[in-house]
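# Per-entry structural report
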Amino acid sequence: MENQALLQNINIGPWKLRSRITMAPMTRGFANDVTGTVGEEVVTYYRRRARDGVGLIITEGITPSPQGKGTFGVPGLYTKEQADSWRKVTEAVHEEGGTIIAQLWHVGRLTHPDLIGGLAPQAPSAIQAEGLVHKLRKPFAMPAAMTTDEIRELVSQYTLAAKHAMEAGFDGVEIHGAHGYIIDQFASPITNSRIDNYGKDREGRLRLMKEVLSAVGEVVGMDRLSIRFSELKDDQTGYRWQEPERELDAYLYLFREVGLGIIHPSTNSFITPVAGGLSLHELVRQRWNGAVIGVGGLTPSSASDAIVAGVIDLAAFGKPLLADPDFVQRLRTGQPQIPYEPTLHLKHLL
Ligand SMILES: Cc1cc2nc3c(=O)[nH]c(=O)nc-3n(C[C@H](O)[C@H](O)[C@H](O)COP(=O)(O)O)c2cc1C
């Protein structure tokens, strides 16, 4: 069968995954906006994907800090109460034979004091983003450049959130280092004009990412840790790396240095060439032997082809899995996929 490759099981580190199909991280905004805890509807939402046969579920972005929140209803993992609420989700997924990791997401400058207790957003430098805050519809606020003490505190917040994730029964953690959020803000010369150890050159700009990966890896185990990174930025449409290959080499060097095994390069268009006629994932595969998660407008057939060609190991689907809790079952039985419709599918948790 055409999509057979997607349905094969695979062992990645300690995970025994039933299929290559991965649920891409997707913010849904259904957490309690005051406590940052998740409830029964979120438990059911993830349980259904696990029951369907998704191999690896990556949760929606979960903030490690009250200041990391970029819209309403974002869950947290910085309190014990939040961790306890996630325990019900991990238990449900495990009951269905699934595997689930928590994505840690801090938005940095892409927020507003209204969402973060009246404080200024945190960022590497006081450079304001253009655009409006998701749902709040107010302009992104001017951020405050973080002191080195505040950066140290931020790394501790990631560490604590990772401890809470493991206490809550997650099988691992993904660090959101992509899409123009705080770790990516440090990584990019457009948002980072620091002249200290956390800026200045490429190595300095990637220091926060390295420190977060090392600290979180120590808590969860390097073989249970994934990093999402991208040239794509949610607030800068069409942004492109100036030197894609050099940029990638710097990331991959860092990932080897910290001993990472799983990486999740993110793009909205899996097939679009990034350099030398090769797509982002093809460029990565040329340089990286560890596990690679593919994502970005994948269809069952493009995902299967990329797995068979050895470009990716796991295939993450976002919108298709949001639209259809029976996505895997439909694939297995050869039924047509349900098309994603934002007006319909974003409003409710199916
Ligand atoms: C509603 C929605 C919410 C998203 N939230 C996140 C998020 O919290 N973290 C993240 O890394 N990516 C997020 N993404 C991006 C997806 O993980 C994925 O990369 C993107 O949708 C492309 O995959 P697709 O074409 O299969 O949908 C989100 C996408 C959507 C549609």
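Refer to the structure above for everything that follows.
Summary of the structure given here. The numbers attached to residues start from 1 for each chain and follow its sequence in the written order. Note on the predicted model: pLDDT of at least 70 is required for a residue's local features to be given, and 80 or more for side-chain atom pairs to be given and counted; whole-chain, interface and lining totals, by contrast, use all residues. Hydrogen atoms and water are omitted, and side-chain values are computed over all heavy atoms in the structure.

### Here we look at the sheet that holds strand β5 (residues 99–104)
Think of it this way: DSSP has to see at least two bridges between two strands before they count as a pair. Numbering of helices and strands runs from the N terminus, with a helix taken as a DSSP run of H or I at least four residues long and a strand as a DSSP run of E at least two residues long. Taken together, 8 strands build a closed barrel; the order of strands is β3-β4-β5-β8-β9-β10-β13-β14 and the barrel is parallel. Between one strand axis and the next, the sheet turns through 25 degrees on average, direction left out of account. Every angle, taken between N-to-C directions, lies between 0 and 180 degrees, and every axis is a line fitted to C-alpha atoms, over only the stretch in contact when it is a helix.

### Quick word on the side chain of Arg228
Turning to its location among the elements, Arg228 is positioned in strand β9 (residues 225–230). Glu174 provides the closest opposite charge to the buried, unpaired Arg228, separated from it by 4.0 Å. Pairs of N or O atoms within 3.5 Å make up the polar contacts considered here, provided that, within protein, one atom can donate a hydrogen while the other can accept it, and that residues adjacent in sequence are counted only when both atoms are side-chain atoms. One polar contact links Arg228 to His264, side chain to side chain, over a distance of 3.2 Å. Aside from chain neighbours lying at most four places away, what touches Arg228 is Ala24, Pro25, Gln103, Glu174, Ile175, His176, Gly177, Ala178, His179, His264, Ser266 and Val295. Accessible area is worked out with a 1.4 Å probe on protein chains only. A residue is then buried under 20% of its type maximum, exposed over 50%, and partly exposed in between. Asp and Glu count as negative and Lys and Arg as positive, but His and the ends of the chain are not part of the count. Salt-bridge detection follows one rule: a side-chain nitrogen of Lys or Arg within 4 Å of a carboxyl oxygen of Asp or Glu. Working rule for contacts: check all heavy atoms of both residues, and any pair within 4.5 Å makes them a contact.

### Some words on the pairing of strand β4 (residues 56–62)
With 7 of 7 residues buried, β4 is to be regarded as a mostly interior element. Relative to β4, strand β3 (residues 21–23) runs parallel, the two sharing 2 bridges. Looking at the pairing, Met23 lines up with Ile57 of β4. A crossover links β3 with its parallel partner β4, the connecting element being helix α2 (residues 40–52), and its sense is right-handed. Bridge count between β4 and β5: 5 bridges; the pairing is parallel. Within β5, the position partnered with Ile58 by the bridge is Ile101. Regarding topology, helix α3 (residues 80–95) serves as the crossover connection from β4 to the parallel β5, and that connection is right-handed. Convention used here: a crossover is right-handed provided that the path from the first strand, over the helix, to the second strand proceeds clockwise when the strands point away from the viewer.

### Side note on helix α4 (residues 148–167)
Taking 1.5 Å per residue, 20 residues should reach 28 Å; α4 reaches 29 Å between its end C-alpha atoms and fits that length. Taken as a whole, α4 has its buried residues at Ile151, Leu154, Val155, Gln157, Tyr158, Thr159, Ala161, Ala162, His164 and Ala165. For α4, the elements touching its buried residues are α3, β5, β8 (173–176), α5 (182–187) and α7 (207–220). A positive phi of about 95 degrees marks Gly169, the residue just after α4. To estimate how far a helix should reach, multiply one less than its number of residues by 1.5 Å.

### A look at the nonpolar core
Core analysis: the largest hydrophobic core is formed by 85 residues, its most contacted members being Tyr46, Leu77, Trp86, Ile175, Leu213, Phe255 and Ile263. Non-local contacts of Ile263, meaning those with residues more than four positions away in its chain, are made with Ile227, Phe229, Leu252, Phe255, Val284, Trp288, Ala291, Val292 and Ile293. Think of a nonpolar core as a cluster: buried Ala, Val, Leu, Ile, Met, Phe, Trp, Tyr and Cys residues, connected wherever their side-chain atoms sit within 4.5 Å. Judged by nonpolar contacts, the second largest core, of 14 residues, contains Ile12, Leu17, Ile58 and Ile293.

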